[in-house]
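Here is what each chain is made of, one letter per residue.
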Amino acid sequence: MRYKIENAEIDILAPFIHKLTGIVLDYSKAYLFETRLGPVLEKYSLTNFQELISSIALNRNIEREVIDAITTQETLFFRDRSPFDFVQNKFFPDFFDKNGMNAPLRVWSAASSTGQEIYSIAMSLQNILFDLSKYNINLLATDISDEAISKASIGRYNKFELSRGLELKTLHKYFNKEDITWKIKDEIRHAVHFRRMNLLKPFVNVPKQNLIFCRNVAIYFSREDRKTLYDRLADHLVDDGVLVISSTESLAGITDKFIKEQFHGAVFYRKS
Ligand SMILES: C[S@@+](CC[C@H](N)C(=O)[O-])C[C@H]1O[C@@H](n2cnc3c(N)ncnc32)[C@H](O)[C@@H]1O
């Protein structure tokens, strides 16, 4: 049975979700509360959202399930294509030219969802290095959702997920078939370190990065939280480090810590 949410409940739940995840929701998103959090109420035999909030303090599993349910994990391999052409054909070659082939390279997919983004970066890198294990490559993927990070770290995808963004030759080169699913090869998976992390909390144990992908997550945040996030990402980039956001996002009027640059249609932001 679908739970019907009252505006008075949204008044309590929306600030709670904002504090938990940074995601801004209002009355117009009543259906999201109902369709995504209704099943959590049902699972734990709770009768309303006030009870849900109270029960989170007693049961961390409920908090995790609320986060998994309320976040939008839409993603695909090589999403928007041009950022991956940019890293393969410009960013990585420039990096190794400038720093030498043994220089430590740090790349972070912040809000990595189920892993397609970091694996697309890793495959782009492997295309030019041929064996990631021979180099000093540190790839980090983080997301607030336990469920997303767990799936990402396994690296197993179904036919539908693979049909979104992956060319057949790339599938055969970088995945092994396992029954009806395909699993990313260990040589790629082992290059990535996965961690649960809330981008609106201080970044703990994240060294300065050469490249950060932070795409399609800040769109859910308030302007103030976006500024906090982008300023903090700038602090976690090396001096000429690069931030990639999505084509529907912008840093204009939010932070002056980056300079916008372009490469063959790909827009990226260099730390200023
Ligand atoms: C739409 S997906 C984007 C995935 C990928 N970056 C892409 O562009 O395809 C948004 C991701 O942001 C994560 N997310 C939402 N709020 C977050 C937060 N406060 N901290 C970290 N990740 C968050 C969600 O769990 C979800 O996996």
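Residues numbered from 1 in each chain as written. Predicted model: local features only at pLDDT ≥ 70, side-chain atom pairs only at ≥ 80, totals over all residues.

(A) Geometry of the sheet that holds strand β7 (residues 209–213). Across the sheet, seven strands lie side by side as β6-β2-β1-β7-β8-β10-β9; this open sheet has mixed pairing. Each edge of the open sheet carries a strand with a single partner, namely β6 (192–196) and β9 (258–263). Each strand of the sheet is rotated relative to its neighbour by a mean of 25°, with strand direction disregarded. For strand β8 (residues 237–244) and strand β10 (residues 266–271), the ladder comprises two bridges, and the chain directions are antiparallel. Across the sheet, residue L243 finds its bridge partner in β10, namely Y269. (Pairing = 2+ DSSP bridges. Helix = DSSP H or I, 4+ residues; strand = E, 2+ residues; numbered from the N terminus. Axes fitted to C-alpha atoms, helices over the stretch in contact; angles between N-to-C directions.)

(B) Structural view of unusual backbone geometry. A positive phi angle, close to 70°, is found at F130, a residue other than glycine. Considering the arrangement of structural elements, one finds F130 in the loop between α6 (116–129) and β2 (137–143). Overall, the presence of 10 C-beta atoms within 10 Å leaves F130 in the exposed class. (Buried ≥ 20, exposed ≤ 12 C-beta atoms within 10 Å, placed from the backbone.)

(C) Just the domain arrangement of the protein chain, in detail. Examined at the domain level, the protein chain breaks down into domain 1 (7–70) and domain 2 (82–271). Summarising the inter-unit geometry, the C-alpha centres of domain 1 and domain 2 are found 29 Å apart. Facing seven residues of domain 1, the contacting portion of domain 2 comprises nine residues. Among the elements that make up the side of domain 1 that touches domain 2, the one with the highest residue count is helix α4 (residues 60–70) (three residues). Here the residues of the side of domain 1 that touches domain 2 are counted per class, giving three nonpolar, two polar and two charged. (Domains from an automatic or database assignment. Contact = placed C-beta atoms within 7 Å. Nonpolar A, V, L, I, M, F, W, Y, C, P; charged D, E, K, R; others polar.)

(D) Representation of the nonpolar core in the model. Counting residues in hydrophobic clusters, the biggest one holds 69 residues, and the most contacted among them are I121, A122, L139, I212, C214 and L243. Split by domain, the residues of this core number at least three in each of domain 1 (7–70) and domain 2 (82–271). (Core = buried A, V, L, I, M, F, W, Y, C linked by C-beta atoms within 7 Å.)

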